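Chain by chain, the residues:
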Amino acid sequence: MPQPTGRIESSEPNSVGAAWIFTHWSSEKEKRDTPGGIATSLAYYPHLNTLREYFGRPVDVIAVSKEASPPPVRSRSGPKDYLITLRLVDPSLVPERQQGIATRIFRPDEHALPKVYRGDVVVLHDFQVQNRRREISLSSTNTSAWAVFRKGRLEGDISGPPLEYGAGESALARILFDWWIQIDHRQPPAGAVVPHYEENIETTEGTD
């Protein structure tokens, strides 16, 4: 299994940010060629560009939703659960993959599905890595859970099954908010006041 290229231990402010993202979550070619992920005290989160390594297996993921969640629809097959599809991105994806990883979430009760806005950070637990329409995608399972972090809020919103998260997940969410602000062309124009988040991070070297 790919080893963590970084580890989050705390959400206390410190002098890291863009440089840490480049080193441990970069989409540069030399970084993409080394599978990796980020670990907290509760979970290991593989980078989205490494999901192919986990084909057919459940993973935990933390990423930014590129678009708002659509209205739920009924699945056309299986138990006819309600379904939404998200497009998730993180700094590991090369520009040509910035359409994101299609992520399908199913629940019998549509009110248990997450309400997600563009730029929200989503934490997923036990999502199956699949190959759908010749692209790697994620799909919820019977043991899946999720939380949605919105900018400026300290707590994640859990609408479905319970999900445990801690200071590490909150720190990662803030780093991803900061990254998304830098790349999202729909953000407020220059001169707008945008908070900057920096976290205390203990890094570990990955292995091949």
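Residues numbered from 1 in each chain as written. Predicted model: local features only at pLDDT ≥ 70, side-chain atom pairs only at ≥ 80, totals over all residues. Heavy atoms only, no water.

Asks: Could you give an account of the overall build of the protein, naming the residues involved and the relevant values?
Replies: Per the secondary structure count, the protein includes 3 helices and 10 strands. In sequence order, the protein lays out its α and β elements as β-α-α-β-β-β-β-β-β-β-β-α-β. Expressed as a percentage of its 208 residues, the buried residues of the protein come to 49%. For the protein, restricting intrachain contacts to residue pairs at least 6 apart in sequence, the fraction spanning at least 24 positions comes to 64%. Approximately 10,700 Å² of the protein is accessible, and the part contributed by carbon and sulfur atoms is 49%. (Helix = DSSP H or I, 4+ residues; strand = E, 2+ residues; numbered from the N terminus. Buried < 20%, exposed > 50% of the residue type's maximum accessible area, 1.4 Å probe, protein only. Contact = heavy atoms within 4.5 Å. Areas by Shrake-Rupley, 256 points an atom, 1.4 Å probe, with all protein chains shown as cover.)

Asks: With reference to specific residues and values, describe the pairing of strand β4 (residues 58-65).
Replies: Among the 8 residues in β4, 7 count as buried, and that is most of the element. In the sheet, β4 pairs with strand β6 (residues 82-89) via 2 bridges, with the strands oriented antiparallel. In the strand pairing of β6, Ser65 is matched with Leu88. (Pairing = 2+ DSSP bridges.)

Asks: Outline empty space enclosed by the protein, supporting the account with residue identities and numerical values.
Replies: The full count for this structure, using the stated rule, is 1 cavity of 30 Å³ or more. In this structure, the largest cavity occupies an estimated 30 Å³ of space. As for the largest cavity, its lining consists of Phe149, Arg153, Leu154, Ser170, Ala173, Arg174 and Phe177. In terms of residue count, helix α3 (residues 167-183) provides more of the lining of the largest cavity than any other element does, 4 residues in total. Grouping the amino acids of the lining of the largest cavity by side-chain chemistry returns 4 nonpolar, 1 polar and 2 charged. (1 Å grid on protein atoms, 1.4 Å probe; cavity = no way out; pocket = protein on both sides within 12 Å on 5 of 7 lines; lining within 4 Å. Points joined across faces, edges and corners; volume = space filled by probe spheres on them. Nonpolar A, V, L, I, M, F, W, Y, C, P; charged D, E, K, R; others polar.)

Asks: So what about the packing of aromatic side chains? Which residues, and what values?
Replies: The geometry of an aromatic ring pair is captured by the separation of the ring centres together with the interplanar angle, meaning the angle of the planes. Under the counting rule described, the total for this entry stands at 3 aromatic pairs. Each ring, one from Phe149 and one from Tyr165, has its centre 5.1 Å from the other, and the planes form 75°; the classification is edge-to-face. In this pair, Phe149 sits in strand β9 (residues 135-149) while Tyr165 sits in the loop between β9 and α3, placing the two residues 16 residues apart along the sequence. Here Phe149 and Tyr165 have matching classes, each one buried. Ring centres of Trp179 and Trp180 lie 6.1 Å apart, and the angle between their planes is 55°; this geometry places the pair in the tilted category. In this structure, Trp179 and Trp180 share a single accessibility class: buried. (Phe/Tyr/Trp six-rings, centres within 6.5 Å; stacked < 30°, edge-to-face > 60°.)

Asks: Could you give an account of the pattern of salt bridges, with specific residues and numbers?
Replies: This model, assessed by the stated rule, comprises 4 salt bridges. Linking Arg150 and Asp157 is a salt bridge whose minimum nitrogen-to-oxygen distance equals 3.9 Å. Among the charged side chains, a salt-bridge network with shared partners connects Glu67, Arg118 and Asp184. (Salt bridge = Lys/Arg side-chain N within 4 Å of Asp/Glu carboxyl O.)

Asks: Can you explain the nonpolar core? Please cite residues and give values.
Replies: By size, the foremost hydrophobic cluster in this structure holds 44 residues, and its most contacted members are Leu51, Val61 and Leu138. At the level of elements, β2 (37-39), β3 (44-46), β4, β6, β7 (101-107), β8 (121-132), β9 and α3 are the ones that each hand at least two residues to this core. The greatest single-element share of this core, amounting to 7 residues, is contributed by β9. Those residues in contact with Val61, other than ones at most four positions away along the chain, are Tyr45, Leu48, Leu51, Leu88, Val122, Val123, Leu124 and Leu138. (Core = buried A, V, L, I, M, F, W, Y, C linked by side-chain atoms within 4.5 Å.)

Asks: Just give me the short version of unusual backbone geometry, but keep the residues and values in it.
Replies: The backbone of Asp126 sits at a positive phi, close to 60°, despite the residue not being glycine. For Asp126, the position within the fold is in strand β8. Backbone geometry places Arg133, a non-glycine residue, at a positive phi of 55°. By the secondary structure assignment, Arg133 is in the loop between β8 and β9.

Asks: Got a sec to walk through the pairing of β7? Specific residues and values, please.
Replies: Counting buried positions along β7 yields 6 of 7 residues, so the element is predominantly enclosed. Inspection of the sheet shows β7 paired to β9 by 2 bridges, in the parallel sense. Bridge pairing links Thr103 to Leu138 in β9.

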